[in-house]
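What the coordinates show
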Amino acid sequence: MDQTRQPRDRRPDALGHLSVLPDELICVILEHLSSSDLVRLSCVSSVLYVLCNEEPLWMNLCLRDGGQFEYKGSWKRTTLYRQNLCIKIDECQRRPLHFDGFSSLFLYKRWYRCFTTLDGFTSDGKDLERRNNQSLEAFNNKIDEKKPVLLTEVASTWPARYKWTVDQLLSNYGDVSFRISQRSSKKITMKLKDYVSYMNCQHDEDPLYIFDDKFGEVAPALLQDYCVPSLFQEDFFDVLDYDQRPPFRWLIIGPERSGASWHVDPGLTSAWNTLLCGRKRWALYPPGRVPVGVTVHVSEDDGDINIESPSSLQWWLDIYPLLDDQDKPLECTQLPGETIFVPSGWWHCVLNLDTTVAVTQNFVNTSNFEFVCLDMAPGHVHKGVCRAGFLAVQDGVNEYLKNDASFEMNLLNYPDMSRREKRLKILEPFKEQNGQHNSWNSISGLSHAFKCYNQEFSYDINFLLMFLDKGIDHYNTICSPSNILGEREIRTWLHKLWVLKPTMRKLIWKGACLALNVEKWSACLMEICTHYNLPLPIDDEKFPVGTGSNPVFLISDYVIKIFVEGGLGSSLHCLGTELEFYSLLAKSNSPLMNHVPDIIESGFLVADGTGYRTFSWDGRAMPDMIANSSLVIRKYTADGFPFGIWSKKQFELENHGVNMCSRIWPFIVSKRCKGDILANLRYSLSKNEVFHLASFLGEQLRHLHLLPLPNIETHLKEISEERNIQEYSVGHNKLPVETDLMEADCKGFDTFKKWELLIALLDRRKKNIKNQLAQWGDPIPGFLIDEVEKYIPHDLSSLFDFRMGDDGSLECIPTWIHSDIMDDNIHMKQCCPFDCFNECSSHTSLKVNGSHDACGQGDTDSRMNGVNDPSDGENVVVMVNTTLSACNGITNLKRWCPSHILDFSDLSIGDPLYDLIPIYLDVFRGDMCLMAKLLEHYNLPLITSKLNHDELSSGLPENDKCKRLSYRAMCYCILHEDNVLGAIFSLWKELRTAKSWEEVEEAVWGGLNNYQHTDL
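Residues numbered from 1 in each chain as written. Predicted model: local features only at pLDDT ≥ 70, side-chain atom pairs only at ≥ 80, totals over all residues. Heavy atoms only, no water.

Describing the overall build of the chain
Secondary structure assignment for the chain yields 40 helices and 33 strands. Within the chain, buried positions represent 54% of all 1016 residues. Partitioning the contacts of the chain with sequence separation of at least 6, the portion at a separation of at least 24 is 76%. Just so you have it, the chain exposes about 46,000 Å², and 48% of that area is on carbon and sulfur atoms. (Helix = DSSP H or I, 4+ residues; strand = E, 2+ residues; numbered from the N terminus. Buried < 20%, exposed > 50% of the residue type's maximum accessible area, 1.4 Å probe, protein only. Contact = heavy atoms within 4.5 Å. Areas by Shrake-Rupley, 256 points an atom, 1.4 Å probe, with all protein chains shown as cover.)

Following this line, the structure appears as structure tokens:
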């Protein structure tokens, strides 16, 4: 009897030692290889040939780099085409090879998902309530916003109901590029015609779909085809400008088998989703009930949330059939024209049963506002509980809730809950009360596990806030990267709500107490006002203003600022330095005094357990409550400033970190300026007003940089021993050591010590610069991040031209640096235009390439915020003539003039060039003509050596290259403690494809190399 010969198993011989690994793990490893390596590896053996030619592998490789692409029929061909390798590979890759003797269940399941049809999902369990317009009218057009619901007639009158078919969209918008679902950390786009071509021929297990939050910008006519349903028109984010609010609306187009995996909508917002064509299958779980197969990660360092979930199709095929009826989600099939409402906190998963087109929007309204604010609060426990229920906390939490009155503090201080990332898995062993163990993927124990973990969970704001760590300093703690708004944007949003929605202040106050802990700072404000007999705040003044990192209140004619940023040590030095600066300003009789706010009071707030007490302090001497603290303070003289500028720099060098003292806060009370900040007036300024602003800033920078610095009272030996500075000695040109300085002139000795501190701080930033830029990421190009260490000088002291003068002192000396002259720290007032503009001609013109005023004030198209002012030279003449008449009382026309520089709490010392960075990038938005006007009135040296035109080439040796102003400015941007490069690559988007840092330097700062100051 003949027996059929079985093919031999190829796997052991073809994989060798790798055969011990499962196919799934081998595929994961292969994802880390380059396309060239994959092609080479596929030639090693038959099994590796199969694994290295898997389409999902090449799909991930293709999408890794982001950008726009055109699908070429297969992901391998598309990848090789994008990398210009297709021609070389095409000759030997005409037809795929086939091998017997190899089978893989993992690859078979993947193949099945690629080619399966979804006919079995047509049935509808009718779990969700459906409502038409008639039923809505019976309920006064209201719905229960805690439950999902299907609305059947909301879109019946929309033009999109008949215009948003794939064919019509292709006809009208075929050449428009839309964003693709986030399969990469980088932006991916396809032209609609290319995407439709891909959609019609693909067989991916998780197909790409269009998910574009910017469709209203690239195709604005689409916004006219639909309107927000009346039920959902209340949106608290409407108070923000479009570019300030988080992404909130999306166009969604996807083929059969595509869809969104399990997730909770960002920031606990609610959403509505209207389907225009095709069918969608929805599955939903209530808040706190994590779907089977989903893993929730909550970082205990910053509260960042990451959800791991199988694809929508994989969950429906592999997990859903195993669930008991009581464990299955709410389900429905959405039909064309229907709108589904998804409440805050609900888990949902969507599978496209056909090719679909839909539009969706997320929103914040009265119903979910407090939940959104709670999610913005720093910390991690409450974020996990909102999404995963009691899975987010330790076992036994139910007993805490029932029996422990101090549940909140006990839970949040649990010793095992610090310094680790919590993994909240539903597919983990669960210990039942009888001591037996069941696995979460053991269906028999699943229902009991859900009951145990969720029997007392409630998606109620009063319940959830018990998990909020109220001991966290909201102004001092970094918000989660997954927050829909950043720290500054949160403050801006809540303050705008407070001002623009006065009838809803009770609700807004509750939300602000959750997100910002405003109740605490309001109590501090009341104590300060009472102690100094200041006017008590009216309702409009009870809310902190601004986007800074410290609570600031505007009370009648006063500004009250409470220092919290960086902890007690940093706050003390911010206030101490500001008070020292004002003292020097008064002694020197500088004209800058006329353009800084007057200080009324300053001191400390101390929490004593029952409330707050106020202690006055002028910056001198050592307050008793500080002397008794654990802060390390350098030696100081009795009449000096123990927390002045040099102590501040030494404190920064020690890198103490945040001293989370929660009972002492410095504060300052200053005179309130009349008018408004530039940030609120940017769009309304005329060209003349903008140029006058540039002149004003140049004059005030000149006054600031001419101010004398306080002496360094600590000897170098004491600094070296107490601060350990010598370990930060820089580069090849080390600053003179103590024995050399003993023989040096006193002026040189003092200046060397000043620079040593500054260079040491820069050197520390340099050591981690590549990792820091990588952490900031987009839009900083990855290629430039890799090259950054080659660009910045090895020896940072070469950025400063150290040369001895005839008197033995260094010609290059540091100056006071404001560090934060941005549009929210420049105050404007309305004044007589004649007084403003006649000052503009009182200084020598800037010389650029030997000519005066090369920018041409009357002809240059100056910009504020990138918006061209419509006025031209002729209009300027008319405007000036009108303003002259205004001064004679003929007309009431007033102009905006800069009056004050605000907020000196970030004062530093260093290269004066450092102050130009925030002005040029934030105030001028990269307009070099405005920078030229500033420098014309600044008229101080920015460098000691002069280079001729030939020496300005990029091929200079390092020490000579550092003499270029543009190079020094670029290095300071790279080494800046803030993400200045993000601002640069946002303003100059074309530089994201730059081939070198020299190219970026020339485009951004090249104009500085023409600067020449006149003799003083």
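Moving on from the coordinates now.
Observations regarding unusual backbone geometry
Residues other than glycine seldom take positive phi values, yet Asn 517 does so here, at roughly 55°. Since its relative accessible area comes to 17%, Asn 517 is described here as buried. Residue Ala 621 is not a glycine yet carries a positive backbone phi of 60°. Along the polypeptide, Ala 621 turns up in the loop between β23 (612-616) and α25 (624-627).

Thoughts on the sheet that holds strand β4 (residues 177-179)
The mixed open sheet is built from three strands, whose spatial order is β1-β5-β4. Strand pairing shows two members of the sheet lacking a second neighbour, β1 (67-68) and β4, which therefore form its edges. Here β4 runs beside strand β5 (residues 188-191); their pairing, made up of three bridges, is antiparallel. Counted as the bridge partner of Arg 179 is Thr 189 from β5. (Pairing = 2+ DSSP bridges.)

Quick look at the side chain of Glu 54
One can find Glu 54 in the loop between α4 (46-52) and α5 (55-63). Apart from residues lying up to four places away in sequence, Glu 54 is in contact with Leu 107 and Arg 110.

So, the pairing of strand β13 (residues 330-334)
Side chains on a regular strand alternate between the two faces of the sheet. Of all five residues that make up β13, four are buried, and the element is covered over most of its length. Pairing between strand β10 (residues 280-285) and β13: five bridges, direction antiparallel. Residue pairing for β13: Lys 280 is matched across the bridge by Gln 334.

A few points about the state of the cysteines
In this structure the tally under the stated criterion is one disulfide. Here Cys 831 pairs with Cys 897 through a disulfide, and the sulfurs are 2.2 Å apart. The chirality of the disulfide connecting Cys 831 with Cys 897 is left-handed, given an S-S dihedral of about -100°. One end of the pair, Cys 831, is in strand β27 (residues 826-831); the other, Cys 897, is in strand β32 (residues 895-901), and 66 residues separate them in sequence. Judged by relative accessible area, Cys 897 falls into the buried class, the value being 2%. Cys 27 carries a free sulfur, and the closest cysteine sulfur to it, the one in Cys 52, is 8.8 Å from it. According to the relative accessible area criterion, Cys 27 is buried, its value standing at 7%. (Disulfide = S-S within 2.5 Å.)

Focus on a nonpolar patch on the surface
Judged by side-chain polarity, Leu 105, Tyr 108, Trp 111, Tyr 112 and Phe 115 come together as a nonpolar surface patch covering roughly 580 Å² of accessible area. For Tyr 108, a relative accessible area of 46% corresponds to the partly exposed category. (Patch = residues over 30% accessible without salt bridge, like charges linked within 9 Å, V, L, I, M, F, W, Y side chains within 5 Å. Salt bridge = Lys/Arg side-chain N within 4 Å of Asp/Glu carboxyl O.)

Some thoughts on the pattern of salt bridges
Within the structure shown, the criterion is met by 38 salt bridges. Notably, a salt bridge pairs Glu 338 with Arg 130, separated by 3.1 Å at the nearest N-O pair. Linking Glu 338 in the loop between β13 and β14 (339-342) with Arg 130 in strand β2 (residues 130-131), this pair joins segments that are 208 residues apart in sequence. Using a relative accessible area of 7% as the deciding quantity, one classes Glu 338 as buried. Here Glu 936 and Lys 933 are joined by a salt bridge, their closest N and O atoms 3.2 Å apart.

What about the sheet that holds β27?
Taken together, the three strands give an open sheet; going across it, the order is β25-β27-β32, and neighbouring strands pair in antiparallel fashion. For this open sheet the edge positions go to β25 (676-677) and β32, each flanked by a neighbour on one side alone. As judged from the two bridges shared by β25 and β27, these two strands associate in the antiparallel manner. In the sheet register, Ile 677 faces β27, and the bridge partner there is His 827.

Let's talk about the packing of helix α15 (residues 369-376) against helix α21 (residues 487-500)
Across the interface, α15 lies against α21 with an axial gap of 12 Å and an inter-helix angle of 150°. The pairing of α15 with α21 is recorded here as roughly antiparallel in orientation. Once α15 is placed against α21, the crossing between them reads as left-handed. From α15, Phe 369, Val 372, Cys 373 and Met 376 reach across to α21, where they touch Ile 490, Trp 493, Leu 494 and Leu 497. (Axes fitted to C-alpha atoms, helices over the stretch in contact; angles between N-to-C directions. Parallel < 35°, antiparallel > 145°, perpendicular 65-115°, else oblique. Left-handed = near helix turned anticlockwise from the far one by under 90°.)

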